[in-house]
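One letter stands for each residue in the lines below.
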Amino acid sequence: MKARGSRPPVLFWSAVALIALVLVVLPFALTQIGTSWVRITNLAILYVLLALGLNIVVGFAGLLDLGYIAFYAVGAYTYALLASPHFGLHLPFWVILPIGAGIAALFGVLLGAPTLKLRGDYLAIVTLGFGEIVRIVLNNLSRPVNITNGPQGVTGIDPFRIDGLSFALTSKLFGLEFSEPTKYYYLLVLVVVVIVVINLRLQNSRIGRAWEAIREDETAARAMGINTTRLKLLAFAMGATFGGIAGGFFSATQHFISPESFVLVESIMVVSMVVLGGMGNVWGVVLGAVLLSFVPEVLRWTVEPVQMSLFGRTLIDPEVIRMLLFGLALVLVMLFRPAGLLPSAVRKRELTERA
Amino acid sequence: MDIFLQQVINGLTLGAVYAIVALGYTMVYGIIQLINFAHGEVVMIGAMVALTVINLLAAAGLPPLVVLLIGAGCAIPVCMLVGYGMERLAYRPLRRAPRLAPLITAIGVSIILQHLAMLVWSRNVLAFPQIIETRVYTVAGAAITNVQIAVLLVCVAIMAGLAALVYRTRLGIAMRATAQNAQVAGLMGIDVNRVIAATFVIGAGLAAIAGVLVGTYYGVAQYTMGSILGLKAFSAAVLGGIGNIPGAMLGGVLLGVVEALGAGYIGDLTDLCRIAGISDWLTQRCSGGGHFVLFGSNYQDVFAFVVLILVLVFRPSGLLGERVGDRA
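Note that this is a predicted model, so its numbers are computed, not measured.

To continue, consider the overall build of chain B. Across its full length, chain B holds twelve helices and four strands. In summary, chain B has a C-alpha radius of gyration of 22 Å against a globular reference of 20 Å for 328 residues, a match within 12%. Projecting the C-alpha coordinates of chain B onto the three principal axes gives extents of approximately 75 × 55 × 40 Å. Expressed as a percentage of the 328 residues in chain B, the buried residues total 48%. For chain B, long-range pairs separated by at least 24 residues make up 77% of all intrachain contacts whose partners lie at least 6 apart in sequence.

Contacts between the two partners involve 36 residues from chain A, matched on the other side by 39 residues from chain B. Those elements giving two or more residues to the side of chain A that touches chain B turn out to be helix 5 (120-140), helix 8 (218-223), helix 10 (264-277) and helix 12 (318-336) of chain A. Here the side of chain A that touches chain B gets ten residues from one element, more than from any other, and that element is helix 12 of chain A. Of the residues contributing to the side of chain A that touches chain B, the split by class is 24 nonpolar, five polar and seven charged.

What follows is about the packing of helix 1 (residues 3-32) of chain B against helix 5 (residues 146-168) of chain B. Residues and elements named next belong to chain B. Between helix 1 and helix 5, the least distance of the axes is 9 Å, while the angle of their chain directions is 35 degrees. Both helix 1 and helix 5 take part in a crossing whose hand is left-handed. On helix 5, the residues that touch Ile 9, Leu 12, Thr 13, Ala 16, Val 17, Ala 19, Ile 20 and Leu 23 of helix 1 are Gln 148, Val 151, Leu 152, Cys 155, Ile 158, Met 159 and Leu 162. A per-class count over the contact of helix 1 with helix 5 returns 13 nonpolar, two polar and no charged.

On to the environment of Phe 107 of chain A, then. Residues and elements named next belong to chain A. Turning to its location among the elements, Phe 107 is positioned in helix 4 (residues 93-112). Through-space distance from the C-alpha of Phe 107 to that of Phe 130 is 10.0 Å; in sequence the pair is 23 residues apart. With residues up to four places along the chain from it excluded, the contact list for Phe 107 reads Ala 70, Phe 71, Val 74 and Ala 240.

Let us now look at the nonpolar core. Ranked by internal contacts, the top residues of the largest apolar core, which has 210 residues, are Ala 51 and Val 270 of chain A together with Val 17, Ala 19, Ile 20 and Ala 47 of chain B. In terms of residue count, the dominant contributor to this core is helix 1 of chain B (15 residues). Residues in contact with Ala 19 of chain B, not counting those within four places in the same chain, are Cys 155, Met 159, Ala 236, Ala 248, Met 249, Gly 252 and Val 253 of chain B.

Below, the discussion takes up the confidence of the model for chain B. Across chain B, the average pLDDT comes to 87, with 94% of residues at 70 or higher. Scored by ipTM, the complex comes to 0.82, with pTM at 0.84.

All names here are of chain B. The pairing of strand 2 (residues 136-139) with strand 3 (residues 142-145) spans four bridges and is antiparallel. Bridged to Thr 138 within strand 3 is Ala 143. Between strand 2 and strand 3, which pair antiparallel and follow one another directly, the connecting turn spans two residues, one of which, Ala 140, has a positive phi of 50 degrees.

Here the focus is the packing of helix 7 (residues 206-216) of chain A against helix 9 (residues 228-254) of chain A. Residues and elements named next belong to chain A. Contact geometry of helix 7 with helix 9 gives a least axis separation of 10 Å together with a crossing angle of 105 degrees. The angle between helix 7 and helix 9 falls in the class roughly perpendicular. Contacts between helix 7 and helix 9 involve Ile 207, Ala 210, Trp 211 and Ile 214 from the first element and Thr 228, Leu 231, Lys 232, Leu 234 and Ala 235 from the second.

Here we take up helix 4 (residues 100-121) of chain B. For helix 4 of chain B, spanning 22 residues, the distance from its first C-alpha to its last is 31 Å, which sits close to the expected 32 Å at 1.5 Å a residue. Ser 122 of chain B occupies a position one or two residues after helix 4 of chain B and carries a positive phi of about 65 degrees.

Now for helix 4 of chain A. All names here are of chain A. The first and last C-alpha atoms of helix 4 sit 28 Å apart over 20 residues, in line with the 28 Å expected at 1.5 Å per residue. All buried positions along helix 4 are accounted for by Phe 93, Ile 96, Leu 97, Gly 100, Ala 101, Ala 104, Ala 105, Phe 107, Gly 108, Leu 111 and Gly 112. Those residues of helix 4 that are buried lie in contact with helix 3 (69-82), strand 1 (83-84), helix 5 and helix 9.

With that out of the way, let us pick up the environment of Gly 251 of chain B. Residue and element names in this part refer to chain B. Relative to the helices and strands, Gly 251 resides in helix 10 (residues 245-269). Linking Gly 251 and Leu 320, residues 69 residues apart in sequence, is a C-alpha distance of 9.1 Å. Those residues in contact with Gly 251 that lie beyond four places of it in its chain are Ala 22, Ala 236, Ala 237, Leu 239, Gly 240 and Leu 319.

What counts and what doesn't
All chains use their own residue numbering, which begins from 1 and follows the written sequence. Throughout, the order in which chains and ligands are written sets their labels, letters from A for the former and numbers from 1 for the latter. Local features in this predicted model are restricted to residues whose pLDDT is 70 or higher, and side-chain atom pairs enter the listing and the counts only when it is 80 or higher, whereas totals over whole chains, interfaces and linings include all residues. Numbering of helices and strands runs from the N terminus; a helix is a DSSP stretch of H or I covering at least four residues, while a strand is a stretch of E covering at least two. Restricting the calculation to C-alpha atoms gives the radius of gyration, and the globule rule supplies 2.2 Å times the number of residues raised to the power 0.38. For the exposure call, what matters is how many other C-beta atoms sit within 10 Å of a residue's own: 20 or more marks it buried, 12 or fewer exposed, and in between partly exposed, using C-beta atoms placed from the backbone. Residues are treated as contacting if the C-beta atoms built from their backbones sit within 7 Å of each other. Each residue receives one of three labels: charged for Asp, Glu, Lys and Arg, nonpolar for Ala, Val, Leu, Ile, Met, Phe, Trp, Tyr, Cys and Pro, and polar for the others, Gly being one of them. Every angle, taken between N-to-C directions, lies between 0 and 180 degrees, and every axis is a line fitted to C-alpha atoms, over only the stretch in contact when it is a helix. Should the near helix be turned anticlockwise from the far one by less than a right angle, the crossing is termed left-handed; should it be turned clockwise, right-handed. To form a nonpolar core, buried Ala, Val, Leu, Ile, Met, Phe, Trp, Tyr and Cys residues must be joined through C-beta atoms within 7 Å. How sure the predictor is of each residue is captured by pLDDT, a score from 0 to 100. The pairing criterion is simple: DSSP has to find at least two bridges between the two strands. Oblique is the label for every angle not falling under 35 degrees (roughly parallel), over 145 degrees (roughly antiparallel), or within 65 to 115 degrees (roughly perpendicular). Take the residue count of a helix, subtract one, and multiply by 1.5 Å to get its expected span.

Shown next as structure tokens:
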């Protein structure tokens, strides 16, 4: 940690203060464009949470997980079932979130335990299968006993409530209006900051270094006395926990969830965020998640007007152009920056050494 | 009708198609250790091109079989071109990149192909022209159609042809050498780039045929049809041991049969009314011929994955896969 001290502290802290200021003002600036942008930002923050969780599994420990969204689903459904009219249960969120995180962690171990022996792409397909199984089960668990309400999903999910202050209502404080998405925004930013700090601390900890060793060479790591079984399970469990927490927030902010939100494409999206941003680098992953959640939205709002002004009418379905550009962006970024936008230190080292 | 035999026949037909698609995955994986996520989309493009050509020729009054063959004959080169193009543009530049980078480009290519197809062929479910008149034969109490027989025959022929190519020709030797060690193969005078491109082209050609077969068998085609098919085929390739050609064939057929049998029997097997005696509540629910089915046939898609996971837990490198050390 001493080596870090070389960074000029004044510059560092003023950068932190600037970022904090931007984060505080952001929702009010976005509200000027439209409240929907605050909601989009909240979704983006949820993706940041997911990407950070997946980064532990993929980036730190090097275990390719293509079914990560399953843990998100588990967290979301736990929250939905314990705080909605579906079962008539309305537990407070600070009770449910830990339960959801715990169940998600359990699922993580459940997935991790039988797959410990698998390597590389075999693990990828098993996790993918696991994700699909969870989704299909959620989709069909409405018969013979209705547990998840099947494809219709769960509606009327409770918002967060802290001491009588409901997140669903607009409240006024210091003459400023705090709408529902704005309140969630601040809560989510707080959670993200905590989780980013946890991740940064984790990376250079004993556990983080052990994960890195496993990622680079599992056999050698074991020879060095690392308990690979326990650490791999820990990676799965921790990744799943973050996914579960994100899922709980997703339920609360959306008020409605259905299995459709947890399809394979979502898993792939989160993997893309991690890899595109720079596997193993916390800031890269945050950047990847923010970019990949905002770029499609920005395209959604620009593609049609641009076509209108160029040709006077909509020639091509904006949705198609949006996805085409998105796919193209994935390909191009990888072609020009194969290690991601902000490569992790280890990757940087590898690439320069090879050259 | 004999349900067991019927499901086996249906499963074999579906499994044979899975196997053909799985071959494309496994050949590419064997040679450059890349999961070509866009392979399923190539199958879709094959089906779509054939559909368009067949519709165009419908008025010409040619015999149906000839029309179908022309359709396939157009689909194959188009798919080969797509396969070559994506190898050249999206994968070749990344051959020395970190392992996950080509995976992401593969996902990107898959998104691009899917939406290009949506642009060309709309987002609707299209009817694949059923120009071959379906005839049903009864064998030992089970029905088998002429289309099913044709699908099976074509698949067997393709597998035999591919095996001959890989194990008997110079190109096959070059492919196997490159799969073992690309660098050394290069030193032995093999043009590794050409061999890899050839692998993609052959895989894409197989995908085109698979697309035509699926379209003819199910009678529908849509721009999303490639994803689930690709997923199943990829599972089949892993089940057999990815990178292993006989493994892909075995995995595909096995997966198809398991899926069909599973869908056929799971409802009966998990009907709790079979053991209604264990509780009064159940007895009440089941009285009067009622059912209390835990898992219905809508769990069909789960089977493929459950079987896959179980097999991999006990045989971590697939059914026929060799136990390889770390390739890192």
